[in-house]
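# Structural characterization, general
Chain by chain, the residues:
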Amino acid sequence: METGNSFTKRFVMERKPQTIWRAPHALWFFAMGVGGALYLNRALLGIEMGRLWGLSLADLLSLALISVGGLILISDLGQPLRFWRALANPRYSWISVGAICDFVFLFLDVLVILPDLEIGGGRPLAGLPWAGGAFLGTAMEVVAGVAALIVIVYPGLVLSYSPSIPFWNTALIPLQFLAYAFASALGLALIYGATGLAPPASSQTWLLLLGGILALCLLLFVAHLLGAAYTRATARESARLLVSGHLAAPFLGGGLVLGLAVPLLAVLFARPWAGGPPDTVLVLLAGALTLPGNLLSKYGVIRAGIYPPFL
Amino acid sequence: MPRWGMVIDLTRCVGCYACTMACKVENGTPPGIWYAPVYEKELGHYPTVKRLFIPALCNHCHDAPCVKACPSGALRKREDGIVVVDQDRCCGSRACMAACPYGALHFYAKEEGEYGPERTAFEQAFYKPYKVGTVQKCTFCAHRIDRGVLTPACVETCPTGCRVFGDLSDPDSEVSHLIRRRNGVQARPEAGTCPSVFYLR
C-alpha cells in the first residue's frame, strides 16, 4: 500500500493502471467463491466430500475458505481494527453487502453443522432445536445458502459496478466469478472422488456437470474479451494486456488454457457419458487444474483494470 | 441551498501549478497526496504540437461513485453537494479509489517526510493530522466555505483566473453563465457521475 494514487504518480493525462486491487484481492475473491460454491454444491446438489468428526468436509472447507477470504479482506484494510465499519453501508456498497453475508454465512453454517459433531462415538449436540430436519434448521440452511451465493458474486459486482474502469464495467464479470467458483468446487469434489472415497457413478455425474460449467465459463470469458475489443479504447487495451501483453501468461495461459481448455479436453477424453468409470488421471487433471486457473483468471482480470484519461 | 461547483477554463491555464501548491499549503497534505494536480496533455503531431494543461480536483459528483462504493459510509455528500470523507469512520478499504474515474481520492499509507522517513520540524508543524490508513480528498475547501470564505484556495491563487467557483443551482451565477455561454463539458460524462466541475475549451 502506497500513499497517493496512480493518477498523480505522473501529472500526465493518459491511461492509468489501477493499483488498488492486487494479488491478495485475487486470493480473497478466489477463496470466497470456492467456499460459497462448496456449500451450495453440498446443499443443492448433494455433492458430499466425506466427513470429519461427523461434520461435512464440504462445509468445513467452505467455512475455512470463506474465513480465509474474510481475513485477507480485513488484513488489506488501511485500518484493520475498524473492519466492523465495513458493514455500515449495505444500501449502496457491494463490499458492505458481501461482508455482512460473510458473517451471516459463517455464523449460520457453524450452527447448522454443530448437531452433527461426533465426539467419542456420540453426538452431544444432536438435541439442538434446529437438528434433525427441523424447520428452523432448514430455514437456517436456506439463509446460509443465499448468503453463500452473494459471497460468490459480490466481488464480481464490486468490479462491475465500477464506472471508472471500462473493462470491469460489465455484468459478465460476476457471471464469470460464479461459473468459475462452481467449476473449482466441483474440481475439489472430483479430486476427492478420484481417491476412491466417492462412488464412481458420482464422479461421472460431477464430471459431466464440470464439463458444462467449464464450457459456459469459457464462453463468458470469450464474450467479455470480444466485447472489450469492440468498445472503448481503454477496454481494448485491457483485453490486449490479457491476450498478448504482460498478463497473457497468468490470464490466457493459466486462467483460460490451463484452467478451462485443458480440463474441458480432459472431460471430453474421460467420456463420462459412456457409462464406465472415468480415467482417474483425467479426472484428477480436470479437477485440479480448475483451482489455479480460477485464481489466475481473477488475478488477470483485476490487474487488467485501466482508468481512461478523463479529458 | 447552493450546489457548489467549479468551471475550469482550459484556454487560460498556463501550467504554473500555483493551484496545486496553494492546495497543499491550505490543506497541509502529506507527501504524495495532491488534491489539485495539473495534468499535461500533448495535442497534435510534430511539428504542430500543443501542450494542454488540465487542472483537476475532486469533481464532487452529483451521483458520486465513491460514496456508493464506500463500505463504511465514511464518504458522504453534504447538502451543498460537497463530497467529504470522515477519517474517523474510514476503514481504508480503498473501494472508493477504485470506483472514482477521476483519481480524486488518495490513500494515506504511512507517516513519512518529504526527505526521508523522519519529518523535519517544519513538516511536523505543517502537515494536518491526517490519519494513517485512511482515504483523503479535496473538499472544495469546505472549511473555508463554512467560515463564509466562498473561494477555495486553488481558485483564489490562480493568476490567470482559469478556475471559477460558484453556485451551480443559481442560474445567474458566474459559473452557470460560463457553462451556458461556452458549452462547459464534464469529464467522462459516459460514466454517469454528473460531476460538479465543468471544463471550457
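Residues numbered from 1 in each chain as written. Chains lettered and ligands numbered in written order. Predicted model: local features only at pLDDT ≥ 70, side-chain atom pairs only at ≥ 80, totals over all residues. Heavy atoms only, no water.

When helices and strands are tallied, chain B shows 7 helices and 10 strands. Taken against the 2.2 N^0.38 rule, which gives 17 Å for 201 residues, the C-alpha radius of gyration of chain B at 17 Å falls within 12% of a compact globule. When its C-alpha atoms are laid out on the principal axes, chain B stretches across 50 × 45 × 35 Å. In chain B, buried positions account for 59% of the 201 residues. The long-range share in chain B, meaning contacts at least 24 apart out of those at least 6 apart in sequence, stands at 61%. Summed over its atoms, the accessible surface of chain B is roughly 8,800 Å², and 54% of this surface lies on carbon and sulfur atoms. Separation of charge centres in chain B, based on 25 positive and 21 negative side chains, amounts to 4 Å. (Helix = DSSP H or I, 4+ residues; strand = E, 2+ residues; numbered from the N terminus. Rg over C-alpha atoms; globule rule 2.2 N^0.38 Å. Buried < 20%, exposed > 50% of the residue type's maximum accessible area, 1.4 Å probe, protein only. Contact = heavy atoms within 4.5 Å. Areas by Shrake-Rupley, 256 points an atom, 1.4 Å probe, with all protein chains shown as cover. Lys, Arg positive; Asp, Glu negative; His and termini not counted. Charge placed at Lys NZ, Arg CZ, Asp CG, Glu CD.)

Below, the discussion takes up the packing of aromatic side chains. Tallying each qualifying case throughout the model produces 21 aromatic pairs over all chains. On the numbers, 5.5 Å between centres and 85 degrees between planes, the contact of Phe11(A) with Trp34(B) is edge-to-face. Linking Phe11(A) in the segment before β1 (16-17) with Trp34(B) in the loop between α1 (18-27) and β2 (38-45), this pair reaches from one chain into another. Judged by its relative accessible area of 24%, Trp34(B) is partly exposed. Ring centres 5.6 Å apart and planes at 65 degrees place the aromatic pair Phe221(A) and Phe251(A) in the edge-to-face group. Taken together, the positions of Phe221(A) in helix α6 (residues 200-229) and Phe251(A) in helix α8 (residues 248-270) put the pair 30 residues apart, joining distant regions of the chain. Comparing Phe221(A) with Phe251(A) shows no difference in burial state: the two are buried. Of the aromatic side chains, those joined through ring pairs into one cluster are Phe7(A), Phe11(A), Tyr307(A), Phe310(A), Tyr17(B), Trp34(B), Tyr39(B) and Tyr102(B). Taking NZ or CZ as reference, Lys298(A) lies 4.4 Å from the ring centre of Phe177(A), over its face. (Phe/Tyr/Trp six-rings, centres within 6.5 Å; stacked < 30°, edge-to-face > 60°. Lys NZ or Arg CZ within 6 Å of the ring centre and 35° of its normal.)

With that settled, the discussion passes to the packing of helix α1 (residues 23-45) of chain A against helix α4 (residues 135-160) of chain A. Residues and elements named next belong to chain A. Where α1 meets α4, the axes come as close as 9 Å, and the angle between the chain directions of the two elements is 150 degrees. Relative to α4, α1 is oriented roughly antiparallel. Our pair here, α1 against α4, has a crossing hand that is left-handed. Residues Trp28, Phe29, Met32, Gly33, Gly36, Ala37, Tyr39, Leu40, Arg42 and Ala43 of α1 form the contact with α4, whose own contacting residues are Glu141, Ala144, Gly145, Ala148, Leu149, Val151, Ile152, Tyr154, Pro155 and Leu159. Its residues placed into classes, the contact of α1 with α4 shows 15 nonpolar, 3 polar and 2 charged. (Axes fitted to C-alpha atoms, helices over the stretch in contact; angles between N-to-C directions. Parallel < 35°, antiparallel > 145°, perpendicular 65-115°, else oblique. Left-handed = near helix turned anticlockwise from the far one by under 90°. Nonpolar A, V, L, I, M, F, W, Y, C, P; charged D, E, K, R; others polar.)

In this section: the environment of Trp94(A). Residue and element names in this part refer to chain A. Looking at the secondary structure, you find Trp94 in helix α3 (residues 94-113). Remark: the alpha-carbon pair of Trp94 and Leu159, spanning 65 residues in sequence, is separated by 9.4 Å. Residue contacts for Trp94: discarding those within four places in its chain leaves Tyr154, Leu157, Val158 and Tyr161.

All names here are of chain A. A surface patch of nonpolar side chains, about 560 Å² in accessible area, is lined by Leu208, Leu265, Leu268, Phe269 and Trp273. No other element matches the 3 residues that α8 contributes to the nonpolar patch. In this structure, Leu265 sits in helix α8. (Patch = residues over 30% accessible without salt bridge, like charges linked within 9 Å, V, L, I, M, F, W, Y side chains within 5 Å. Salt bridge = Lys/Arg side-chain N within 4 Å of Asp/Glu carboxyl O.)

The next thing to look at is the sheet that holds strand β9 (residues 185-186) of chain B. Residue and element names in this part refer to chain B. Across the sheet, which stays open at both edges, the 4 strands sit in the order β8-β1-β10-β9 with mixed pairing between neighbours. In the strand order of this sheet, the two ends are held by β8 (163-167) and β9, each with one partner. Of the strands in this sheet, β1 (4-9), β8 and β10 (197-200) touch helix α7 (residues 174-181), which is tilted by about 115 degrees from β8. (Pairing = 2+ DSSP bridges.)

Turning to the layout of surface pockets, a few remarks are in order. Residue and element names in this part refer to chain B. Considering only enclosed or pocket space, the largest pocket measures out at about 360 Å³ in volume. Taken together, 17 residues form the lining of the largest pocket, with Asn27, Tyr130, Gln136, Thr139 and His143 sitting closest to its centre. Those elements that place two or more of their residues in the lining of the largest pocket are α1, β5 (83-85), β7 (134-137) and α5 (142-146). Looking at the lining of the largest pocket element by element, the count peaks at 3 residues for α5. Taken together, the residues of the lining of the largest pocket break down into 6 nonpolar, 5 polar and 6 charged. (1 Å grid on protein atoms, 1.4 Å probe; cavity = no way out; pocket = protein on both sides within 12 Å on 5 of 7 lines; lining within 4 Å. Points joined across faces, edges and corners; volume = space filled by probe spheres on them.)

This next bit is on the interface of chain A and chain B. Residue-level contacts link 39 residues of chain A with 55 residues of chain B. Buried surface at the junction of chain A and chain B, summed over both partners, amounts to about 3,700 Å²; 59% is from carbon and sulfur atoms. When the buried area of chain A at its contact with chain B is split by residue, Phe11(A), Phe310(A) and Leu311(A) rank highest and sum to 22% of it. Between the two partners, chain A and chain B, sit 2 salt bridges. The interface formed by chain A and chain B includes 31 residue pairs in polar contact (both at pLDDT 80 or more). (Buried area = accessible area lost by both parts, 1.4 Å probe. Polar contact = N/O pair within 3.5 Å; in protein donor to acceptor, adjacent residues only side chain to side chain.)

All right, on to the domain arrangement of chain A then. All names here are of chain A. Structurally, chain A comprises domain 1 (18-161) and domain 2 (165-305). For domain 1 versus domain 2, the distance between C-alpha centres works out to 22 Å. Taken together, the contact between domain 1 and domain 2 spans 29 residues of the former and 27 residues of the latter. Buried surface at the junction of domain 1 and domain 2, summed over both partners, amounts to about 2,400 Å²; 80% is from carbon and sulfur atoms. (Domains from an automatic or database assignment.)

Core analysis: the largest hydrophobic core is formed by 148 residues, its most contacted members being Trp21(A), Phe167(A), Phe310(A), Phe140(B) and Tyr199(B). In terms of residue count, helix α5 (residues 172-197) of chain A provides more of this core than any other element does, 13 residues in total. Of the residues that make up this core, three or more belong to each of domain 1 (18-161) and domain 2 (165-305) of chain A. The contact partners of Phe310(A), leaving out residues within four places of it in the chain, are Phe7(A), Met13(A), Tyr39(B), Ala56(B), Pro101(B), Tyr102(B), Ala187(B), Arg188(B) and Tyr199(B). Residues Val7(B), Val175(B), Leu178(B) and Leu200(B) belong to the second largest nonpolar core, which totals 8 residues. (Core = buried A, V, L, I, M, F, W, Y, C linked by side-chain atoms within 4.5 Å.)

For Ser96(A), the position within the fold is in helix α3. Ser96(A) sits in the buried class, given a relative accessible area of 0%. Side-chain polar atoms of Ser96(A) contact the backbone nitrogen of Ala88(A), separated by 3.4 Å. If we ignore the near neighbours within four places in the chain, the residues touching Ser96(A) are Ala86(A), Leu87(A), Ala88(A), Asn89(A), Pro90(A) and Pro71(B).

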